[in-house]
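Okay, here's what each chain looks like letter by letter:
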Amino acid sequence: MLTLTNVQIMYDRAIEAVRDVSLTVDGGRIVALLGSNGAGKSTLLKAISNVLYPEEGEVLHGEIALDGRNLLTMSADAIVASGIVQVPEGRRLFPLMTVEENLTMGGFLKSRGDVSADLDRVYAMFPRLKERRNSTAGYLSGGEQQMAAIGRALLARPKLLMLDEPSLGLAPQIIDQIFETIVALNRDEEMSILLVEQNASLALQIAHYGYIVENGRVVLDGPAERIAGNEDVKEFYLGFSEAGARKNYREVKHYKRRKRWLS
Amino acid sequence: MDLFLNLVASGLVIGSIYGIIAIAFAVIFKTTGVLNFAQGEVMMLVAYVSWSLGTELSLSFPVLVIVSIGVAALIGIIVERLFIRPMIGQPIFAIVMVTIGLAVMLRSLIVIFWGADAEPFNAAIEGGLVEIGPVVLFTEQLFAIILFFAIMTAVFLFFRFTRIGIAMRATAMDETAALLMGVDVRRISALAWAIAAVVSGLAGITFAIMFSRAPDLWFQGLRAFPATILGGLDSPLGSGFGGLIIGVIGDLSEGYIGQGLKEISGFIVIIIVLMVRPYGLFGEKELERV
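What this report covers is the structure whose coordinates are included nearby.

About the cut-offs
Residues numbered from 1 in each chain as written. Chains lettered and ligands numbered in written order. Predicted model: local features only at pLDDT ≥ 70, side-chain atom pairs only at ≥ 80, totals over all residues. Helix = DSSP H or I, 4+ residues; strand = E, 2+ residues; numbered from the N terminus. Rg over C-alpha atoms; globule rule 2.2 N^0.38 Å. Contact = placed C-beta atoms within 7 Å. Pairing = 2+ DSSP bridges. Axes fitted to C-alpha atoms, helices over the stretch in contact; angles between N-to-C directions. Nonpolar A, V, L, I, M, F, W, Y, C, P; charged D, E, K, R; others polar.

Concerning the overall build of chain A
Right, on to step 1. Looking only at helices and strands, chain A features eleven helices and ten strands.
Right, on to step 2. Taking 263 residues into account, the globule formula puts the C-alpha radius of gyration at 18 Å, and chain A, at 19 Å, falls close to it.
Right, on to step 3. For chain A, the spread of C-alpha atoms along the principal axes amounts to about 65 × 40 × 30 Å.
Right, on to step 4. The contacts of chain A with a sequence gap of at least 6 include a subset with a gap of at least 24, amounting to 69%.

Have a look at this one:
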């Protein structure tokens, strides 16, 4: 449903953040976008939502389309209305508003009836949020904030939900809960998910398909199991090293493989 | 005691005017981060247009108010579209400079159009005196106070309960996040300017009725400025109360201490208050969670 074709993104017309990226998110799938810091993952999500311009970012080449509709010419609110909703990196709740006001903002484009029905749905999904509905969002714990951020996005009734590092800075238990929610949304509501993560092993466990981005380019893509089985991915992303036998050569080998990986 | 009460009452009257203008400052600052130095001039323009409508068409006062609200909203939207929209993405300081230029321009345009003479604003409320205990007020003075509280209530309800009002607060806190919720941020900016023009315009009309429609009306905008700083630039309601405080302190100091203090007492108050609370009495301190 979502396709990016040869997308190039520059900041300030000087810094190339994304170079020639093509990717596809098919309907009803979970697609993981993996890569280290500064690889261009968040930039891609911002480009899809068309919110690059406040940071002087610009898509110079390529196409971004949803079911054939060109997203590059659509404004951010029209993109939300078309069903692409993002949970931004670092949650970005409105800190001085209550949890419920935050959630309500997610339904800004929806009718009053939809909003109150969806509020109940989100509260059922995250009972913790119901308890804290009148608390100031800025004072919530990290996990609660992430739940609120996801809940807020759900009020926009997304067809494609994009999550930017939902596991960032959270306790393992909370991460499990968040990821179970993502799986449930995909399974029960057939919501398509584009999941940006640094935690590759976690993301590959739930994803159907994965892309690995480095220095603004896709270096590897394929079904999640195949990516998880790739030797290089194992070493660079999943933390399995070939420690032991050939210790002396390891540094050299690592360097060479890293080089091949990037070229 | 009678002197005290009458000074407080007249302070509340002028304080209401300051307060309403201060709300206008705060609405624009809160949603767009711009300090609109032309707010007093926008207010004056609305009052002049309203005066012309009142004299030419001899509308009744309620009708005149409703028409003026429409005119003011239109003026706000046009000003935002012509002068502020093209500046989006430029440094805030540059935008503030544009508002200063706009202020000078509007002042001159008004003199060119309407001349430099003061005229009484006659399309007024039924004149007369109202006695409340020992306090004696003109009807239009009482109207200023009522208008102040009506606008305060409306602003509170708007930002607290309406969807677009909540969206304006959200945009103020995090513009990109608001964009991601589907808020059209440019429309929010236009709306803020429209609200500010309406609110300050009503203050301008009331002030012109109390005194006269004169080309120095814009100066009230400058007088209301300490009120906004005192109440908190990002707090419309706080700014409103700041206006009352500045108004009352101004009249009391003039009445008890001496002539001329009215002009500077407000600034003395804000200097002292800002030393203790740099973000104003009701301003929002940056929220930090550890």
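A closer look at the sheet that holds strand β5 (residues 69-70) of chain A
As a general point, the strands of a sheet are linked pairwise by backbone hydrogen bonds and lie either parallel or antiparallel.
Residues and elements named next belong to chain A.
Right, on to step 1. With antiparallel pairing, four strands are arranged side by side in an open sheet as β2-β1-β4-β5. Of all strands in the sheet, those bounded by a partner on one side alone are β2 (15-25) and β5.
Right, on to step 2. Here strand β4 (residues 57-66) runs beside β5; their pairing, made up of two bridges, is antiparallel. Across the sheet, the residue bridging to A65 is N70, located in β5.
Right, on to step 3. Contacting β1 (2-11), β2 and β4, helix α1 (residues 41-49) crosses the sheet at an angle of about 65° to β4.

Description of the interface of chain B and chain A
Right, on to step 1. Listed by partner, the interface residues are 19 residues for chain B and 24 residues for chain A.
Right, on to step 2. When residues in the side of chain B that touches chain A are grouped by element, the largest group, six residues, is from helix α6 (residues 163-173) of chain B.
Right, on to step 3. Of the residues assigned to the side of chain B that touches chain A, the class counts are ten nonpolar, two polar and seven charged.

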